Amino acid sequence: MRIEFAANLWLGWRMGNFLHTLLLPFDSGALQPPAAGQNWVVLNAETLPLPVPSSPPSPSPPPDGGDWQNLRCEQGSRPRFLALEAAGYRVQPDLGDLRNLDTCLVLASRSRAVNERNMLRAWNALKPGGILVFAGDKTSGVQPMRKWVGRLAAIDGSLSKHHAVVFWLSKSGDDWGREVLQKPDSKFDRDDFQIAPGMFSENGPDTGSLLLAEHFDQRLRGRVADFGAGWGYLSHRLIQQCQRIERLELFEADWASLRAAKLNVGPTETKADYHWADLTCEAPRGPFDWVVMNPPFHTGRAALPELGQTFIEAAARCLPAGGRLLMVANTNLPYEKTLETLFKKVERLDQAKGFKVIEAVKGSR
């Protein structure tokens with residue numbers, strides 16, 4: 001079983017229940033489905049359990065009628081973006097400035113600050129009388145969000161099923177200002193890196209990346225890749241510390257993080273290229289002299305070390321004989337067996353504060 005299939009299988013089960021809850025008010029008639037010509041948007045979109053062009057038949061019937069295939073979807077996570085695209089949805093990583101919406105569906109993320117920001121965007125973009133719908137499973141903080149929204153406007157209705165909650169309200173009164181946000185919309189850490197809530201390590205460089213960067217020196221040269229670049233901390237350090245790098249290529253699955261990386265590495269930095277990519281299924285164009293990474297091992301809240309193993313496999317495929325992988329990981333993650341299978345030499349360079357730094361050299365086939 002492929003790693004990404006196993007991860008998506010778990011996500012599909014969780015998100016399926018959550019998304020069925022989203023559709024409850026449309027099933028019950030409490031809300032009307034989209035009509036032709038209406039302007040509907042879905043923020044933090046997922047593939048809905050109803051038929052759209054090119055999608056397989058749904059295991060459950062959709063709400064009666066409705067022009068669901070014309071939803072405009074925003075999703076900055078590359079794996080979910082690709083799933084939406086494959087299912088036939090109109091999807092973009094960033095819809096930009098929203099205006100004159102008839103309805104906006106907001107799906108909960110893991111970040112309270114992201115949820116608040118999306119609700120603010122949605123409310124301000126609605127026409128008078130437009131409908132705002134928010135849904136999430138009960139571990140996503142949906143109940144605190146309902147209380148927060150209820151202090152700003154009247155909640156029209158709420159339903160709970162499948163360990164999830166959906167609530168909705170209609171636009172009346174003025175737009176909301178940014179002062180209503182309880183969580184910061186963006187921040188700068190002590191080194192003036194631009195970081196936004198919801199990104200990995202949103203409070204500044206994580207311990208593993210700090211440890212890995214201590215091993216950047218002039219040996220890193222030529223064409224270098226940063227796998228899972230996040231908001232660009234490791235790439236920033238590579239540019240600053242390794243003058244023999246000729247080309248630095250950043251690969252990151254989160255659209256907002258990649259945009260931040262362009263600012264944090266340096267908007268005028270000519271050595272850097274940026275790739276919005278899902279490394280579990282979109283192969284980078286090698287060869288590289290070095291691959292550097294602090295690979296992810298979570299999908300949602302579930303720990304999935306297999307994701308890191310997939311990153312290691314991707315690195316091995318785009319490194320030639322003599323190419324090197326330099327990576328950091330939690331000490332308890334079982335990556336050595338995968339590394340020893342794919343590389344001729346594997347060495348643990350450092351271990352501190354629960355992390356290990358590993359260098360691996362690719363052999364000839």
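Everything below is about the structure printed above this text.
Residues numbered from 1 in each chain as written. Predicted model: local features only at pLDDT ≥ 70, side-chain atom pairs only at ≥ 80, totals over all residues. Heavy atoms only, no water.

Colleague: With reference to specific residues and values, describe the nonpolar core.
Modeller: Ranked by size, the top nonpolar core spans 30 residues in total, and within it Leu212, Phe216, Leu220, Leu238, Val292 and Leu326 carry the most contacts. Counting residues per element, the ones that place at least two in this core are helix H6 (207–213), helix H7 (233–241), strand S11 (245–252), helix H8 (255–265), strand S13 (290–293), strand S16 (324–330) and strand S18 (355–361). Among the elements that take part in this core, H7 stands out by supplying four residues, more than any other. Contact partners of Leu326, with chain neighbours within four places excluded, come to Leu212, His215, Phe216, Leu220, Trp290, Val291, Val292, Met293, Leu349, Val357, Ile358 and Glu359. Formed by 29 residues, the second largest nonpolar core is a distinct cluster that contains Leu19, Leu23, Leu84 and Trp276. (Core = buried A, V, L, I, M, F, W, Y, C linked by side-chain atoms within 4.5 Å. Buried < 20%, exposed > 50% of the residue type's maximum accessible area, 1.4 Å probe, protein only. Helix = DSSP H or I, 4+ residues; strand = E, 2+ residues; numbered from the N terminus. Contact = heavy atoms within 4.5 Å.)

Colleague: Got a sec to walk through the sheet that holds strand S10 (residues 222–227)? Specific residues and values, please.
Modeller: The seven strands are arranged S12-S11-S10-S13-S16-S18-S17 in an open sheet whose pairing can be described as mixed. Of all the strands in the sheet, the pair left with one neighbour each is strand S12 (272–276) and strand S17 (345–352). Within the sheet, the average angular offset between the axes of one strand and its neighbour, ignoring direction, is 20 degrees. Judged from the seven bridges that link them, S16 and S18 form a sheet pairing that is antiparallel. From the neighbouring strand, Arg324 faces S18, where its bridge partner is Val361. Across the sheet, H8 lies against S11 and S12, angled at about 175 degrees from S12, the strand it touches most. (Pairing = 2+ DSSP bridges. Axes fitted to C-alpha atoms, helices over the stretch in contact; angles between N-to-C directions.)

Colleague: With reference to specific residues and values, describe the pattern of salt bridges.
Modeller: Using the criterion set out here, one finds 15 salt bridges in the structure. Measuring nitrogen to oxygen at the nearest pair gives 3.2 Å for the salt bridge that ties Asp102 to Lys127. Separated by 25 residues along the polypeptide, Asp102 in strand S4 (residues 101–107) and Lys127 in strand S5 (residues 126–137) bring together distant segments of the chain. With a relative accessible area of 33%, Lys127 lands in the partly exposed category. Each of the salt bridges in this network shares a partner with another, and the network as a whole consists of Asp217, Arg219, Arg324 and Glu359. (Salt bridge = Lys/Arg side-chain N within 4 Å of Asp/Glu carboxyl O.)

Colleague: Describe the pairing of strand S1 (residues 40–43), and please don't skip the residues or the numbers.
Modeller: Taking every second residue as pointing to the same face, both faces of S1 are buried, with Trp40 and Val42 on one and Val41 and Leu43 on the other. Looking at chain direction, S1 and strand S2 (residues 72–74) are connected through three bridges and run parallel. Looking at the pairing, Val41 lines up with Arg72 of S2.

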